[in-house]
Amino acid sequence: MQNPYLPYPVRIDKITNATEDKSLKTYKFVFLDPDDERKFAYKAGQFAELSVTGKGEIPIGIASSPTEKGYVTFTVNRVGLVSSYLHTMKEGDIMGLRGPMGNSYPWDALEGKNVVIIGGGFAFTTLRSSIVYMLDPANRSKFKDIHVVYGARSPGMLLYRDELTKWEERDDINMHITVDGTDDPDWKYNVGFVPTITEQKAPAGNDDTYAIICGPPVMIKFTQPVLDKLGYTHDRIIMSLENRMKCGIGMCGRCNIGKEFVCKDGPVFTLSQLNETPREY
Amino acid sequence: MKVIKIDKQDFTSGIEKLADSYRLFGPVKEKESYAFQKLEKGQLPDFNFKNTRLSIKSVINPQSEVMFEYSLDEKQTDHHVMKEAKKDYSPRAIFGVRPCDGKSMVLVKPNFDTLEYKDNYWLDSYNCTTFVGLACNDPCSTCFCTSAGSGPFDETGLDVLLIDMDDYYIAKAVTSKGEALLSAASWDTAGTLDDVEDKKSKAEKKIKTSVSIDNIKDRSINEIHQASFWEDIAFSCINCGTCTYVCPTCWCFDIQDENSGKSGVRMRNWDSCMFPLFTMHGTGHNPRGEKTQRVRQRFMHKLKYYLDKYDQGIQCVGCGRCIQSCPVNIDIRRVCNIMNDYNYE
Ligand SMILES: Cc1cc2nc3c(=O)[nH]c(=O)nc-3n(C[C@H](O)[C@H](O)[C@H](O)COP(=O)(O)OP(=O)(O)OC[C@H]3O[C@@H](n4cnc5c(N)ncnc54)[C@H](O)[C@@H]3O)c2cc1C
Ligand code: SF4
Ligand code: SF4
Ligand code: FES
């Protein structure tokens, strides 16, 4: 019987600061056994348990895209025990990776549709994975228009800035980057909160258009009415939840919302599905 | 399946024989209460108990269990790599399993044995075990198994059911695993079930309390979740978690790394939805930060989420342990009936 709690051993290949305040770092991992990379086949929107030996495990969304081969990346916020320790680790250190876990964004349903991605703050990791995946030459034709509204407090707090700039220059993706405020005179993108920019820039909702929202609770709270106004039905609004987790495979019991486990039945749900469950997230 | 008659002196010699091929476990008296323990050579299970304080969960899914071992010493090859801990999954028999505990295994299994993942710790432990039940001739006042999908003579989840007929036991094999145990003990005198029916109906009649779930079944999760009775139910709860620890069907656990010097183990430990830390995010946000939300989670899980998810009744076998152990007398029978009888609009 395969042990679902046994992590694959990985080496930290590269660590980069992801935000100007250094509260987030991006980790690139390489599997010690190349065979494990094949077993770790994942889809955009899934997550994994990063296993820091001697400290514990934390569930983190996969930031790399399935189209990027030879490594996996994660962007980790410094919060508590495990993530703080991870921030002190060095390139070359050995740790573990368990997954992939969760259900991913509904790629079958999204095919042939317009996709509107709305992200705020740190919750842009699996959205980055999704964008890279959709923009891959082998996949781009499977989707209609792609819109991205992404906001952070200040320009230096936006994740993956180099990539955002490159995407801005392309004509097969509509980028709407925004910051809450900035004193940078060279800032050439939007200023304003995500809900406001969404209202101004996002296309109207229809049967052919899905919105994926990830962000802090306040952002979600104020974006949802905007989407309602734009005509998005709740089965076309997709969200990814972040309940506290341990096992990641639906067994330890802590991440439930009603009868669903966020780790296994989610973390991705449509708003219509969430309307049917107690809001314990 | 075989029905065997075991004279009480043959019971002792059979147990001695079984010790050659099984690790034997059974109820043992500990101060005021009984606990399942490994039986030493020559030790007999003590059947003078009503029910044990902790269920057989304490044997199948121990409160603390090592999952992996690791070294943090960079001089070692394979440092920081998790190694599976060695386990003994040789055949084991648990004697004195009350029917409610037997049934609990059937309710818990689908959590650990899923299409996508198999929890090897739970399943290996479960699969190596032969469950030897002991029918309840004399249930407690807190028992309500007959309305919770079980009963004092229920065989579900057991491999053998023993019935104490005063001068002798009747052993009813329920599975081939159970037949194998009876043969290994050389218990081979054919018996009959003639007098068992009478014992059974007498025992069932002694159970005076019950729960109903018809209405709970028909209501939506959100309707029950949002009903107005939860504050009242939770009022006196001190969130001690005792109810979930003594519960045979509660399965929640935590995973922790424990270091000592340059090595350590990854363990799993029982956890409880009664504790605020169970759901607290690193940021301090807590989806069930209030006591009432946690009490509601426990009862909603047992009496509604489970019911809807698995379609095999409620996640409760009516053993009554939580009722006996709760320091503030919160009674699941009362809560279940409040949930069922409430006038939902
Ligand atoms: C599906 C999913 C995707 C996530 N993706 C990311 C990401 O891409 N980047 C990122 O920085 N963070 C992400 N998080 C949040 C991240 O898991 C927590 O910040 C992290 O677990 C905190 O752990 P800690 O040990 O530092 O904190 P502590 O407070 O010391 O937490 C102790 C333990 O509790 C659990 N825990 C605590 N908070 C959370 C939480 N919010 N979610 C889940 N488990 C928790 C973990 O097992 C953790 O080890 C994600 C969470 C989920 C559920
Ligand atoms: S009642 Fe609570 S502790 Fe028991 S299984 Fe359900 S969530 Fe876990
Ligand atoms: S045993 Fe009683 S007081 Fe303790 S958590 Fe359970 S219901 Fe609350
Ligand atoms: S994290 Fe264990 S059940 Fe979801």
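Just above, that's the structure.
Presented here is an overview of the structure given in this document. (Residues numbered from 1 in each chain as written. Chains lettered and ligands numbered in written order. Predicted model: local features only at pLDDT ≥ 70, side-chain atom pairs only at ≥ 80, totals over all residues. Heavy atoms only, no water.)

Digging into the environment of L24 of chain B
All names here are of chain B.
Next up, step 1: Along the chain, L24 falls in strand β2 (residues 23-30).
Next up, step 2: Residue classification places L24 among the buried residues on the basis of a relative accessible area of 6%.
Next up, step 3: Linking L24 and F95, residues 71 residues apart in sequence, is a C-alpha distance of 7.5 Å.
Next up, step 4: Once residues lying within four places of it in the same chain are set aside, the contact partners of L24 are I15, L18, A19, Q37, K38, L39, A93 and F95. (Helix = DSSP H or I, 4+ residues; strand = E, 2+ residues; numbered from the N terminus. Buried < 20%, exposed > 50% of the residue type's maximum accessible area, 1.4 Å probe, protein only. Contact = heavy atoms within 4.5 Å.)

Comments concerning the site of ligand 3
Next up, step 1: Around ligand 3 sit 13 residues in total, of which C237, C240, G241, C243 and C326 of chain B are the nearest.
Next up, step 2: Taken together, the residues of the shell around ligand 3 sort by class into nine nonpolar, three polar and one charged. (Near = heavy atom within 4 Å. Nonpolar A, V, L, I, M, F, W, Y, C, P; charged D, E, K, R; others polar.)

Focus: the interface of chain A and chain B
Next up, step 1: With 41 residues of chain A in contact, the opposing surface of chain B contributes 50 residues.
Next up, step 2: Buried area between chain A and chain B, both sides added, is near 3800 Å², and the carbon and sulfur share of it is 56%.
Next up, step 3: On the surface where chain A and chain B come into contact, there are seven salt bridges.
Next up, step 4: Salt-bridge contacts for E280 of chain A lead to R288 of chain B; the nearest nitrogen and oxygen are separated by 2.8 Å.
Next up, step 5: If you look at where chain A meets chain B, you find 29 residue pairs in polar contact (both at pLDDT 80 or more).
Next up, step 6: Looking at side-chain class alone, the side of chain A that touches chain B contains 17 nonpolar, 13 polar and eleven charged residues. (Buried area = accessible area lost by both parts, 1.4 Å probe. Salt bridge = Lys/Arg side-chain N within 4 Å of Asp/Glu carboxyl O. Polar contact = N/O pair within 3.5 Å; in protein donor to acceptor, adjacent residues only side chain to side chain.)

Section: the site of ligand 2
Residue and element names in this part refer to chain B.
Next up, step 1: The local shell around ligand 2 consists of T244, C250, W251, C252, C273, Q297, R298, H301 and Q315.
Next up, step 2: Of all the elements, helix α11 (residues 291-310) adds the most residues to the shell around ligand 2, at three residues.
Next up, step 3: Among the residues making up the shell around ligand 2, the classes are represented as four nonpolar, four polar and one charged.

A few points about the packing of helix α3 (residues 99-112) of chain B against helix α4 (residues 120-127) of chain B
All names here are of chain B.
Next up, step 1: Direction vectors running N to C along α3 and α4 enclose 145°, while the axes themselves pass 9 Å from each other. The handedness of the crossing between α3 and α4 is left-handed. Contacts between α3 and α4 involve M105, V108, K109 and F112 from the former and W122, L123 and Y126 from the latter.
Next up, step 2: Its residues assigned to classes, the contact of α3 with α4 comprises six nonpolar, no polar and one charged. (Axes fitted to C-alpha atoms, helices over the stretch in contact; angles between N-to-C directions. Left-handed = near helix turned anticlockwise from the far one by under 90°.)

Observations concerning the nonpolar core
Next up, step 1: Ranked by size, the top nonpolar core spans 107 residues in total, and within it Y5 and I118 of chain A together with I94, F131, W230, F299 and M339 of chain B carry the most contacts.
Next up, step 2: If near-sequence neighbours (up to four positions away) are discounted, F131 of chain B is found in contact with I56, I60, I94, V97, M105, Y126, G157, L158, D159 and V160 of chain B.
Next up, step 3: Counting residues in hydrophobic clusters, the runner-up holds 37 residues, among them F124, Y133, M134 and I173 of chain A. (Core = buried A, V, L, I, M, F, W, Y, C linked by side-chain atoms within 4.5 Å.)

Description of the sheet that holds strand β10 (residues 253-260) of chain B
Residue and element names in this part refer to chain B.
Next up, step 1: The antiparallel open sheet is built from four strands, whose spatial order is β5-β4-β11-β10. Either end of the sheet is taken by a strand with one partner, and the two such strands are β5 (83-84) and β10.
Next up, step 2: Sheet topology places β10 next to strand β11 (residues 263-270); eight bridges connect them, and they run antiparallel. Note that in β11 the partner of I255 across the bridge is R268.
Next up, step 3: Against the sheet, α4 engages β4 (64-71), β5 and β11, with an angle of about 125° to β4. (Pairing = 2+ DSSP bridges.)

Focus: the pairing of strand β9 (residues 168-173) of chain B
All names here are of chain B.
Next up, step 1: Across the six residues that make up β9, a large majority, five, are buried.
Next up, step 2: Sheet topology note: the strand β1 (residues 3-7)/β9 ladder contains five bridges and is antiparallel. Residue pairing for β9: I4 is matched across the bridge by A171.
Next up, step 3: Note that strand β8 (residues 160-164) and β9 share five bridges and pair antiparallel. The residue bridging D164 from the neighbouring strand is Y169, located in β9.
Next up, step 4: Connecting β8 to the antiparallel partner β9 that follows it, the hairpin turn spans three residues, and D166 within it adopts a positive phi of roughly 75°.

So, the state of the cysteines
Residues and elements named next belong to chain B.
Next up, step 1: Counted by the stated rule, this structure contains zero disulfides over all chains.
Next up, step 2: Sulfur of C140: no disulfide; nearest cysteine sulfur belongs to C143 and is 4.2 Å away.
Next up, step 3: The exposure class assigned to C140 is buried, which follows from its relative accessible area of 16%. (Disulfide = S-S within 2.5 Å.)

Side note on the packing of aromatic side chains
Next up, step 1: Per the counting criterion, the structure on display carries 32 aromatic pairs over all chains.
Next up, step 2: A centroid spacing of 5.9 Å and a plane angle of 50° characterise the contact between Y5 of chain A and Y121 of chain B, whose relative ring orientation is tilted. With Y5 of chain A in the segment before β1 (8-17) and Y121 of chain B in helix α4, this pair bridges two chains.
Next up, step 3: You can call Y5 of chain A buried: its relative accessible area is 1%.
Next up, step 4: Residue classification places Y121 of chain B among the buried residues on the basis of a relative accessible area of 3%.
Next up, step 5: Ring centres 6.5 Å apart and planes at 90° place the aromatic pair F68 of chain B and Y121 of chain B in the edge-to-face group. You can see F68 of chain B sitting in strand β4 and its partner Y121 of chain B sitting in helix α4, a full 53 residues away along the chain. (Phe/Tyr/Trp six-rings, centres within 6.5 Å; stacked < 30°, edge-to-face > 60°.)

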